[in-house]
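So you can see what is in the structure, the chains are spelled out below.
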Amino acid sequence: MEFKIDGVDGNARATTIKTLHSEIKTPIFMPVGTAAVVKSLDAIDMMEILNAPIILANTYHLYLRPGDEVIKKLGGLHNFSGYKRSFLTDSGGFQAFSLGDNVKVSDDGILFKSHIDGSFHFFSPEKVIDIEYNLNSDIMMVLDDLIPLPNTSERIKKSIERTVEWAKRSLIHHIKRGKKNNLFAIIQGGTDFEMRKISAKSLVGLEYKGHTFDGFAIGGLSVGEENQLMYDTIEATIPYMPKDKPRYLMGVGTPEDIIEAIDRGVDMFDCVMPTRNARNGHLFTSFGVLKIKNAKYKLDERAIDESCSCYTCRNFSRAYLNHLYRAKEITYARLASIHNLHYYLSLVKDAREAILKRRFKEFKREFYSLRS
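Here's a quick rundown of the structure. (Residues numbered from 1 in each chain as written. Predicted model: local features only at pLDDT ≥ 70, side-chain atom pairs only at ≥ 80, totals over all residues. Heavy atoms only, no water.)

## Some words on unusual backbone geometry
As a reminder, the rule being used: Think of it this way: any DSSP run of H or I at least four residues long counts as a helix, any run of E at least two long counts as a strand, and we number them from the N terminus.
Of note, the bond from Arg65 into Pro66 is cis; its omega dihedral lies within 30 degrees of zero at 10°. Tracing the chain through its elements places Pro66 in the loop between α2 (59-64) and α3 (68-73). Note that the residue after Leu149, namely Pro150, is joined by a cis bond; omega there is 0°. For Pro150, the location among the structural elements is in the loop between β10 (139-141) and α7 (153-176). Although it is not a glycine, Asn136 adopts a positive phi angle of roughly 60°.

In structure tokens:
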């Protein structure tokens, strides 16, 4: 991986990440393609219509179905899905967290019960790396111990210790395998600023035979805490993350969350919100959220957002989208998802341009003024 800082405005950064499969200009939003597909869209949509340089796929889901060995035999994620640009794979830690009673976490790893057929499986840090190598993702996330918030100081401390130990085991296994792909560590610590500092410094200090992590992520946020506390936690964590490596905020979030995190120095984002909200009739616009199912759009010939240049807005009206949604037509999900993802990708692209022109604060004020 190559990493370069192109510009800084306050704490906000514009950087370039180069992997084997694409060049990624940050800040960047990574559409979520959990099962090697962004719901309702295909690789051509992602590359030619949306021009997304990187998407996220999920280790847990692909391990269970169709199986990482199957994907390896079919040439890895890029060949399997037809998406020829970069993939980042989550480790499965969040899925273990979300399975609740169907999971048992120990110092050795995570024992979980499949949501598909009830079979039991065990993820160790090393096994997750092996799965991700079979998937051949460009950026691999280590297995981490994610916990709900609020939580006790004892459990947060244990989460940090376990996550650091798993990260160390992951790094060693990664280097022994030949370090062909890129590995990111995940900072935990809840909303305790001191715990975040300890977690970040412990992970940044890890190395094996002169090798360290290629990037660092902030995990364990947007799991129940208030927005301002999340922003404050990000701000408290960033100073302990290397300046010369990518910074990734996992699973966040709303357009406002992304703008606030960019302002504090985050480079990379992912979230299911744009596609999930699209399918539920909530469309993101420069002036806020438009609920397309509302009857007032039945005869509205305007685009979803008249300032938007996406494929959907250039070709279809609010009235047509309203009809498709109400008729439960599959095409609705595609057109709405294209629009919402275009909005997110344009938002981070515009933020980047503002950073390079050293006018990010002004850009942020304009962003909020349009939504008031």
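So that's the structure; there's more coming.
## A look at the pairing of strand β2 (residues 12-18)
For clarity, the threshold we go by: Whether a residue is buried, partly exposed or exposed follows from its accessible area with a 1.4 Å probe, protein chains only, as a fraction of its type maximum: under 20%, in between, or over 50%, in that order. In short, DSSP must find at least two bridges between two strands for them to pair.
Counting buried positions along β2 gives six out of seven residues, so the element sits mostly inside the fold. In this sheet, β2 lies alongside strand β1 (residues 2-9) in antiparallel orientation, the contact comprising seven bridges. Bridge pairing in β2 links Ile5 to Thr15. Hairpin connection of β1 to β2: two residues between the antiparallel strands, including Gly10 at a positive phi of 70°. Sheet analysis places β2 next to strand β3 (residues 23-26), joined by four bridges and oriented antiparallel. Bridging from a neighbouring strand, Thr15 pairs with Thr26 of β3. Counting the residues that bridge the hairpin from β2 to β3 gives four residues.

## A look at the packing of aromatic side chains
Stated precisely, the cut-off is as follows: Here is the rule: rings of Phe, Tyr and Trp (six-membered ring for Trp) pair when centre to centre is within 6.5 Å. Planes less than 30 degrees apart are stacked, more than 60 are edge-to-face, and the remainder are tilted.
Counted under the stated rule, the structure contains 15 aromatic pairs. For the pair Phe29 and Tyr344, a centre-to-centre distance of 4.7 Å together with 55° between the ring planes defines the contact as tilted. Remark: Tyr344 occurs in helix α14 (residues 330-356) and Phe29 occurs in strand β4 (residues 28-30); sequence separation between them is 315 residues. Summarising the burial analysis for this pair, Phe29 and Tyr344 share the class buried.

## A word on the sheet that holds strand β7 (residues 103-106)
Which entries qualify depends on this criterion: As a rule, the C-alpha atoms of each element are fitted with a line to give its axis, helices using only the stretch in contact, and angles between N-to-C directions run from 0 to 180 degrees. It only takes one pair of heavy atoms within 4.5 Å for two residues to be counted as in contact.
Here three strands make up an open sheet; going across it, the order is β7-β8-β9 and the pairing antiparallel. Of all the strands in the sheet, just β7 and β9 (120-123) have a single pairing partner and so form its edges. Direction aside, neighbouring strands of the sheet carry axes that sit 15° apart on average. Across four bridges, the pairing between β7 and strand β8 (residues 109-113) is antiparallel. Following the sheet pairing, Val103 is matched in β8 by Phe112. Along the sheet, α7 contacts β7 and β8; its crossing angle with β7, the most-contacted strand, is approximately 80°.

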